[in-house]
Amino acid sequence: MTMFEGYSDSYNETVRLTVLKALAEETDYRLNDTMLMAVLQAFAINRSRDYLRNELSWLETEVQAVKLTKAGTAVIAELTERGLDHVERRVVLTGVRKPSPALL
């Protein structure tokens with residue numbers, strides 16, 4: 001076992017939670033992939049648009065946390081009730097990092 005074993009899974013789980021939290025902060029629970037790229041970069045997550053789109057697709061197909069819509073060349077992600085339940089700690093979605101406990 002190496003020190004970096006499991007790092008990729010942990011990284012992806014963190015990216016997925018970051019995306020869900022960003023969507024939850026929006027009034028209409030939606031952002032396009034360009035805006036989500038900026039959010040990830042603000043957290044020092046510098047990956048390609050293809051990587052982001054793969055993670056968005058995973059969130060849609062594997063855990064139904066987002067709904068994706070194409071608008072021209074952009075992809076729009078919308079948070080689902082299930083995704084919001086994860087962000088607000090009502091359910092745990094396997095493959096998405098658990099949110100930190102709310103501090104009073």
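Scoring rules and cut-offs
- Residues numbered from 1 in each chain as written.
- Predicted model: local features only at pLDDT ≥ 70, side-chain atom pairs only at ≥ 80, totals over all residues.
- Heavy atoms only, no water.
- Helix = DSSP H or I, 4+ residues; strand = E, 2+ residues; numbered from the N terminus.
- Rg over C-alpha atoms; globule rule 2.2 N^0.38 Å.
- Buried < 20%, exposed > 50% of the residue type's maximum accessible area, 1.4 Å probe, protein only.
- Contact = heavy atoms within 4.5 Å.
- Areas by Shrake-Rupley, 256 points an atom, 1.4 Å probe, with all protein chains shown as cover.
- Lys, Arg positive; Asp, Glu negative; His and termini not counted.
- Charge placed at Lys NZ, Arg CZ, Asp CG, Glu CD.
- Phe/Tyr/Trp six-rings, centres within 6.5 Å; stacked < 30°, edge-to-face > 60°.
- Lys NZ or Arg CZ within 6 Å of the ring centre and 35° of its normal.

Trainee: Would you take a moment to explain the overall build of the protein for this structure?
Mentor: Along its length, the protein carries four helices and three strands. Reading the protein from its N terminus to its C terminus gives the helix and strand order α-β-α-α-β-β-α. The C-alpha atoms of the protein give a radius of gyration of 13 Å, which matches the 13 Å a tight globule of 104 residues would have. Judged by the C-alpha coordinates and their principal axes, the protein covers about 45 × 35 × 25 Å. When the 104 residues of the protein are sorted by exposure, 35% land in the buried category. In the protein, the proportion of contacts linking residues at least 24 apart, taken out of those at least 6 apart, comes to 50%. Here the protein has roughly 6,700 Å² of accessible surface; of this, 52% comes from carbon and sulfur atoms. Between the averaged position of the 13 positive side-chain charges in the protein and that of its 15 negative side-chain charges there is a distance of 1 Å.

Trainee: Whenever I open this one, the packing of aromatic side chains confuses me. Can you help?
Mentor: How two aromatic rings sit relative to each other is given by the distance of their centres and the angle of their planes. Considering all chains together, one arrives at one aromatic pair under this definition. Across from the ring centre of tryptophan 58, 3.7 Å away, lies the NZ or CZ of arginine 16, which sits over that ring. One Lys or Arg, arginine 47, reaches over the ring of tyrosine 51 and ends 4.0 Å from the middle of that ring.

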